[in-house]
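What follows is each chain in one-letter form.
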Amino acid sequence: MTDAQAKERLKVLSQEIRAADAQYYQDDNPVLTDAEYDALRKELNALEAAYPHLVESNSPSRSTGLKPSGRFGKVTHSVPMLSLDNTFADADVKDFVARVKRFLNLPDETGLAFTAEPKIDGLSASIRYQKGVLISGATRGDGRVGEDVTANLKTLDDVPKQLSGSGWPDILEVRGEVYLSHRDFAAMNAAQDKIGKDTYKNPRNAAAGSLRQIDPAVTAERPVKFFAYAWGEISGPVGKTQMEAVDNLAGWGFATSLEMKLHHNADAMIAHYHDIEAKRADLGYDIDGVVYKVNDLALQERLGFISRAPRWATAHKFPAEKAITTLNDIEIQVGRTGALTPVAKLAPITVGGVTVSNATLHNEDEIARLGVKPGDRVEIQRAGDVIPQILRVVEDGGGKPFTYPAQCPICGAEALNDVDEKTGHVDVVRRCSNGLKCPAQATEGLKHFVSRRAFDIDGMGAKQIEVFYARGLVREPADIFTLEHRNTHIGLEGWEGWGETSAANLWAAINARRAVDFDRFLYALGIRHIGQGNSNLLARHYLSWDDFHKSITAIKDAASPEWAELVSIDGVGPGAARAVKEFFHHPENAQAVMNLLDHVTLIDAEAPSDQGPVVGRTVVFTGRLVHFSRDEAKAKAQSLGAKVSSSISAKTDYLVAGSGAGSKLKKAAESGIRVLTEDEWLELIGAFSTPALDIKNPQ
Ligand code: IVH
């Protein structure tokens, strides 16, 4: 090829690539297949390598030509992205297998197939295809709502823009892990360092940082990988088994795990885990354990979910990594519930690729148990995202023992140990007795209130709360919603670090939260023991704030029917129930909630489905069931919108009585509650016509 011919060909290739980029990234309308596009890029690169003097400064090989997407929009996952339960000991794997069989009512000796595959330490993403074409992609976010990172995901080599092969359902959401290999991570950090930018702490952070770039061109330059292991919404089947589904994903163009294997008993699963553990250092990417999944997808369906994790899977985590360092000091922090927590200040040390300078010491007893004093050399361990812990003292530093304060170090109020009303047992945790008057409790509560899983107010994080609180501008959640109105006096845009735009953005972010889901609201209040799971259970039980509030405030004592109702909610333990009652009966909290409700409208929770024979009905199971385990029967009833209670009350609609039913059956009969046999119940919920509930033994 002459220089002139090469020049002409390079020009044509550049134009075609730029046009394809524009159609793809800006118009969301790809005209070339991935293979055609790759062929153009390859030819361009080869020609440029052969004729380096002809390379244009604006050649597509030098820039990807992608336009920034701006801030990320939010995407509500049509099927929530869940997490996994963790297992640490080999024996727990046996428990997991036994639990699955028990739930499915299978005899212990049944061989049941499970897949086992590495758990990659990255961040999960969900990618949606319509008729085989990638249409959107999102991060996990809080599992319900993620960020729209479509343009960024499209730049990943492992993410097909058009599925290959055939047989995919029209709607297919592929889920998997975005990650970086060790080698790419090291190279990327070296490059960052060279241009004077901050380096990333570990491959996971680097992958997250790379995926969440405002400019997709930056993501495109990063060697980010994706491996597929699950799916979200699908309009048709992706296979009969996990194995088959993952094989299909591979056929449709995804990278999948080469290490995935099928096993029929816990011993084989555990052996595979140890195999992978031995290979861990040579895999070339971070993994933090092995994931086991029930292979049969119909059984997965029957097993369903509990709270935020599937019953049909578990993650068998590798043991934590350890290191030895010096304990410089012990600092006392005060949390949102007033708990005084000792924090170990360590001489910084790298553990498993992360620099650690703090560790938790839990409480007073833990310090005594470890016999640890400032100045000692200590062994610490770090597991995943968990706060590092001190395991033992390795060498006595000869320092003075630590004296635990009897006062709150922040407000000076007395710090007291809780006493369990029933047992008289004194809790090890000391709590500041000053409630919301303690600045630490108030600010920690406010930080929780604005956090991502609670009110999720963009631009109002821990730092801002500290400042607003210190200036006396935000003392309780309601104050956040009056800030804009008070801004004529505050003049936020003139504060250091703020301007017209950021202030306007903050008002917009606050105003966007004037209507909020009931469960989020409950969670945001920061009631002890009421995390996301319990908030959800409460919201789904009471459905509306009014019903909830009326019922909780009507509780007088343990004999109140409203108390019986609260403690009968499946999954809400007695500690959580007590905390809810105490919170709303405390005048200061009650006032803060009322103040807040002047500014915020609550969106009622939805009954899990709005039709069906048992929606909103309260069911009690008793006696021995034949077709299902008690747990599966309960879970099925809940998934159909029924409330499951463990005791008979005026609210009970049905008692499902298996063989050997005793006092509950008697009580139900006396109170005129409808009693059903197991078969009548199955008839009622239409179980005999649903294949997913086919009761035949698997395999
Ligand atoms: S399955 C319904 N398989 O681990 C649950 N997850 O701790 C679907 N992860 O959020 C998850 N490797 O980000 C699954 N082979 C694997 C995985 C994996 C990594 C991550 C994923 C998930 C988290 C749960």
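Shown above is the structure to which this text applies.
Owing to the predicted nature of the structure, the values given are computational and were not obtained by experimental measurement.

Asker: If you had to explain the overall build of the protein chain to someone new, which residues and values would you point to?
Answerer: Of regular secondary structure, the protein chain possesses 25 helices and 26 strands. Over its C-alpha trace the protein chain gives a radius of gyration of 29 Å, about what one expects of a compact globule, namely 27 Å for 699 residues. C-alpha atoms of the protein chain, sized along the principal axes, occupy 100 × 65 × 60 Å. Counting only residues that meet the buried cut, the protein chain has 45% of its 699 residues in that class. By sequence separation, contacts in the protein chain at least 24 residues apart represent 68% of the contacts at least 6 residues apart. Only carbon and sulfur atoms are counted for the fraction: they give 50% of the accessible area of the protein chain, which is about 34000 Å².

Asker: Account for the sheet that holds strand β8 (residues 225–234), with residues named and values stated.
Answerer: With antiparallel pairing, the four strands of this open sheet are ordered in space as β5-β4-β7-β8. Whereas interior strands pair on both sides, the edge strands pair on one side only; in this sheet they are β5 (133–139) and β8. Mean inter-strand twist for the sheet, computed between neighbouring axes without regard to direction, equals 30°. Sheet topology places strand β4 (residues 123–130) next to β5; six bridges connect them, and they run antiparallel. Its bridge partner being in β5, Ile-127 is matched across the sheet by Gly-137. Along the sheet, helix α6 (residues 203–211) contacts β4, β5 and β7 (171–179); its crossing angle with β4, the most-contacted strand, is approximately 40°. Along the sheet face, helix α8 (residues 242–251) touches β7 and β8 and points at about 120° away from the line of β8.

Asker: Which residues make up the site of the ligand, and what values do they have?
Answerer: Residues in contact with the ligand amount to 15 residues; listed here are only the nearest, Glu-117, Lys-119, Glu-177, Tyr-229 and Lys-293. In the complex, the protein chains occlude 88% of the 530 Å² of accessible area that the ligand would expose alone. When residues of the shell around the ligand are assigned to their parent elements, the largest contribution, four residues, is made by strand β3 (residues 114–120). Counted by class, the shell around the ligand contains eight nonpolar, two polar and five charged residues.

Asker: Got a sec to walk through the side chain of Gln-441? Specific residues and values, please.
Answerer: Relative to the elements of secondary structure, Gln-441 occurs in helix α12 (residues 439–450). Sequence-distant contacts of Gln-441, that is, excluding residues within four places in its chain, are made with Val-334, Gly-335, Arg-336, Thr-337, Gly-338, Cys-432, Asn-434 and Gly-435.

Asker: Tell me about the environment of Ala-298, and please be specific about residues and values.
Answerer: With respect to the secondary-structure elements, Ala-298 resides in helix α10 (residues 297–303). Overall, Ala-298 belongs to the partly exposed group, its relative accessible area being 41%. Sequence separation between Ala-298 and Lys-240 is 58 residues; the distance between their C-alpha atoms is 7.4 Å.

Asker: Explain the nonpolar core to me, and be specific about the residues and the numbers.
Answerer: Of all hydrophobic cores here, the largest spans 56 residues; its most connected members are Met-460, Ile-480, Leu-538, Phe-548 and Phe-584. In terms of residue count, the dominant contributor to this core is helix α21 (residues 574–585) (six residues). If we ignore the near neighbours within four places in the chain, the residues touching Phe-548 are Phe-518, Leu-522, Leu-538, Tyr-542, Val-580 and Phe-584.

Asker: Outline the state of the cysteines, supporting the account with residue identities and numerical values.
Answerer: Evaluated as defined, the whole model comprises zero disulfides. Here Cys-408 is not disulfide-linked; the sulfur of Cys-411 is the nearest cysteine sulfur, at 3.7 Å. Among the cysteines around Cys-432, which has no disulfide bond, Cys-411 carries the closest sulfur, lying 3.6 Å off.

Asker: Outline unusual backbone geometry, supporting the account with residue identities and numerical values.
Answerer: With phi around 65°, His-362 is a residue other than glycine that occupies positive phi space. Counting through the fold element by element, His-362 comes out in the loop between β16 (354–360) and α11 (364–370).

Asker: Can you break down the sheet that holds β3 residue by residue, with the values?
Answerer: Pairing is mixed across the open sheet formed by five strands, whose spatial order is β2-β13-β10-β3-β9. Of all strands in the sheet, those with a lone pairing partner are β2 (86–87) and β9 (261–263), marking the two edges. In this structure, β2 lies alongside strand β13 (residues 313–317), joined through two bridges in parallel fashion. The partner of Asn-86 across the bridge, within β13, is Ala-315. Contacting β3, β9, β10 (287–294) and β13, helix α9 (residues 266–279) crosses the sheet at an angle of about 155° to β10.

Asker: Please set out the side chain of Lys-293 residue by residue, giving values where relevant.
Answerer: Relative to the helices and strands, Lys-293 is located in strand β10. In this view, Lys-293 contacts Ala-113, Phe-114, Thr-115, Glu-117, Tyr-229, Gln-242, Gln-300, Trp-312 and Ala-313; residues no more than four positions away in its chain are not counted.

How each quantity is defined
Residues numbered from 1 in each chain as written. Predicted model: local features only at pLDDT ≥ 70, side-chain atom pairs only at ≥ 80, totals over all residues. Heavy atoms only, no water. Helix = DSSP H or I, 4+ residues; strand = E, 2+ residues; numbered from the N terminus. Rg over C-alpha atoms; globule rule 2.2 N^0.38 Å. Buried < 20%, exposed > 50% of the residue type's maximum accessible area, 1.4 Å probe, protein only. Contact = heavy atoms within 4.5 Å. Areas by Shrake-Rupley, 256 points an atom, 1.4 Å probe, with all protein chains shown as cover. Pairing = 2+ DSSP bridges. Axes fitted to C-alpha atoms, helices over the stretch in contact; angles between N-to-C directions. Near = heavy atom within 4 Å. Nonpolar A, V, L, I, M, F, W, Y, C, P; charged D, E, K, R; others polar. Core = buried A, V, L, I, M, F, W, Y, C linked by side-chain atoms within 4.5 Å. Disulfide = S-S within 2.5 Å.

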